[in-house]
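Coordinate inspection notes
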Amino acid sequence: MVAGEASGDLLASLLLDGLRQRWPEAQSMGIGGEKMQQRGFDAWWQSERLAVHGYSWEVLARVAELLGIRKKLRQRLIAHPPSVFVGVDAPDFNLGLETSLREAGIKTVHFVCPSIWAWRADRVEKIRRAADHVLCIFPFEPELLAQHGIDATYVGHPLAQVIPLHPDRVAARAKLGLPEGGPVLALLPGSRRSEVRYIASGFFKAAALVIKALPATKIIVPAVPSLFDEVQRIAAEAGMADKVMIVRGQSHDVLAACDCTLIASGTATLEAALYKRPMVISYSMHPWSWRLMKRKQLQPWVGLPNILCGDFVVPELLQDAATPEALAHAALGWLRASQDSPATIEALVERFTALHHELRRDTAELAAHAIEKIIASPAA
């Protein structure tokens, strides 16, 4: 298995739960993170090594390292073939690796269909060459892949099973030491170091403006443990060191506890939606990367909640639009609605609850069953 960054580590760990139930003695190894290792995964390299930010500039600086890791991994797997290789997300790294392994006779599964419906339609041919089977987390994806001759199974989104339909805000606040009443704003500036460097400063400056407008607001930041010191440093540079609560990990507790979140576009936005929380989706990157990304965009939305709902149900402030003033204004709109317009919040909760039901399946079991069929099938 290969899982890149924190979101891939989480998805892969949930898949490992299903595989261990079906095959208690199965061995798993490759590239993974802390959650995977807690389930007995042998990490030859850490997931964080694959974390890159943007489409070109940041990747170029590390391309030799990433290609070196992929070459060593490919050689090791071809020399000692596994029963199946599962690439978890990280398509820029995994699809090329899967293609090589498949050509060597190793069966391959790609978990999480690349967002060909949103960003990269050109990846369809790469997927067809790379994967014997694709495990899809959104219900419309298998039909789309079938149009291109790619076998796929909808397994639901594993987070929809992990996150409760009705989160307990009071318990989450108690666990974090937050007051039961009063507004709480969560800042989630990303799980990659480069994301945090581009996004966190603006979030902290926006939070300062929110506090100025609503002094009772508590600000909490769940930092990826490896980036905790970096987040603290950026908070201090923004003059917010003594005005925010920074915790190690615990992003789900933070989302359950908050009234609103300023959040970097990515898997975390879907987590926020499953926690039924109002949010302001934002993203910033190197200008060159931004121009390349914009040319590949196929839909008017960037955030997963908006894409899945087919509407701007929550605001998106991206790149130059993501000023501290604009971010604060949008966050204050949600925080004030929580106090003065509960019907607005309830309407959003209803949209996100319907989405939660649609994504809720026994992902681990369905994925393990699909992988079992691939292992049992004759080689292509």
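Nothing here was measured: the structure is a model prediction, and the numbers come from that model.

**Thoughts on the pairing of strand β9 (residues 218-223)**
Of all 6 residues that make up β9, 5 are buried, and the element is covered over most of its length. As judged from the 3 bridges shared by strand β8 (residues 184-188) and β9, these two strands associate in the parallel manner. When the bridges of β9 are listed, Ala186 appears paired with Ile220. Crossover connection from β8 via helix α9 (residues 193-213) to parallel β9: handedness right-handed. Pairing geometry for β9 and strand β10 (residues 244-248), over 5 bridges, is parallel. Note that in β10 the partner of Ala223 across the bridge is Arg248.

**Looking at the domain arrangement of the protein**
Taken domain by domain, the protein holds domain 1 (2-156 + 361-376) and domain 2 (169-359). Relative to domain 2, the C-alpha centre of domain 1 lies at a distance of 28 Å.

**Some words on empty space enclosed by the protein**
Throughout the structure, instances matching the rule amount to 1 cavity of 30 Å³ or more. For the largest cavity, the calculated volume is near 40 Å³. Forming the boundary of the largest cavity are Pro189, Gly190, Val196, Val221, Pro222, Ala223, Val224, Leu227 and Val231. Looking at the lining of the largest cavity residue by residue, the classes come out as 8 nonpolar, 1 polar and no charged.

**Quick look at the packing of helix α1 (residues 5-22) against helix α17 (residues 363-376)**
Following both chains from N to C, one finds α1 and α17 inclined at 65°, their axes separated by 8 Å at the closest point. As α1 packs across α17, the resulting crossing turns out to be right-handed. Of α17, the residues touching α1 (which contributes Leu14, Leu15, Gly18, Leu19 and Arg22) are Ala364, Glu365, Ala367, Ala368, His369, Ile371 and Glu372. Its residues placed into classes, the contact of α1 with α17 shows 7 nonpolar, 2 polar and 3 charged.

**Concerning the environment of Thr153**
Mapped onto the elements, Thr153 comes out in strand β7 (residues 152-154). For Thr153, a relative accessible area of 23% puts it in the partly exposed group. Here Thr153 is in contact with His133, Val134, Leu135, Cys136, Pro142 and Ala370, once residues within four sequence places are set aside.

**Side note on helix α4 (residues 91-103)**
With 13 residues, α4 extends 18 Å between its outermost C-alpha atoms, agreeing within 8% with the 18 Å of an ideal straight helix rising 1.5 Å per residue. Of the residues making up α4, those classed as buried are Pro91, Phe93, Asn94, Leu95, Leu97, Glu98, Thr99 and Leu101. Looking at the residues trailing α4, positive phi occurs at Gly105, about 95°.

**Structural notes on the state of the cysteines**
With the rule as written, the count across this model stands at 0 disulfides. Cys136 provides the cysteine sulfur closest to Cys113, a residue in no disulfide bond, and the two sulfurs are 5.0 Å apart. Cys309 forms no disulfide, and the closest cysteine sulfur to it belongs to Cys260, at a distance of 16 Å. For Cys309, a relative accessible area of 18% puts it in the buried group.

What counts and how
- Residues numbered from 1 in each chain as written.
- Predicted model: local features only at pLDDT ≥ 70, side-chain atom pairs only at ≥ 80, totals over all residues.
- Heavy atoms only, no water.
- Buried < 20%, exposed > 50% of the residue type's maximum accessible area, 1.4 Å probe, protein only.
- Helix = DSSP H or I, 4+ residues; strand = E, 2+ residues; numbered from the N terminus.
- Pairing = 2+ DSSP bridges.
- Right-handed = clockwise from strand over helix to strand, strands pointing away.
- Domains from an automatic or database assignment.
- 1 Å grid on protein atoms, 1.4 Å probe; cavity = no way out; pocket = protein on both sides within 12 Å on 5 of 7 lines; lining within 4 Å.
- Points joined across faces, edges and corners; volume = space filled by probe spheres on them.
- Nonpolar A, V, L, I, M, F, W, Y, C, P; charged D, E, K, R; others polar.
- Axes fitted to C-alpha atoms, helices over the stretch in contact; angles between N-to-C directions.
- Left-handed = near helix turned anticlockwise from the far one by under 90°.
- Contact = heavy atoms within 4.5 Å.
- Expected span 1.5 Å × (residues − 1).
- Disulfide = S-S within 2.5 Å.

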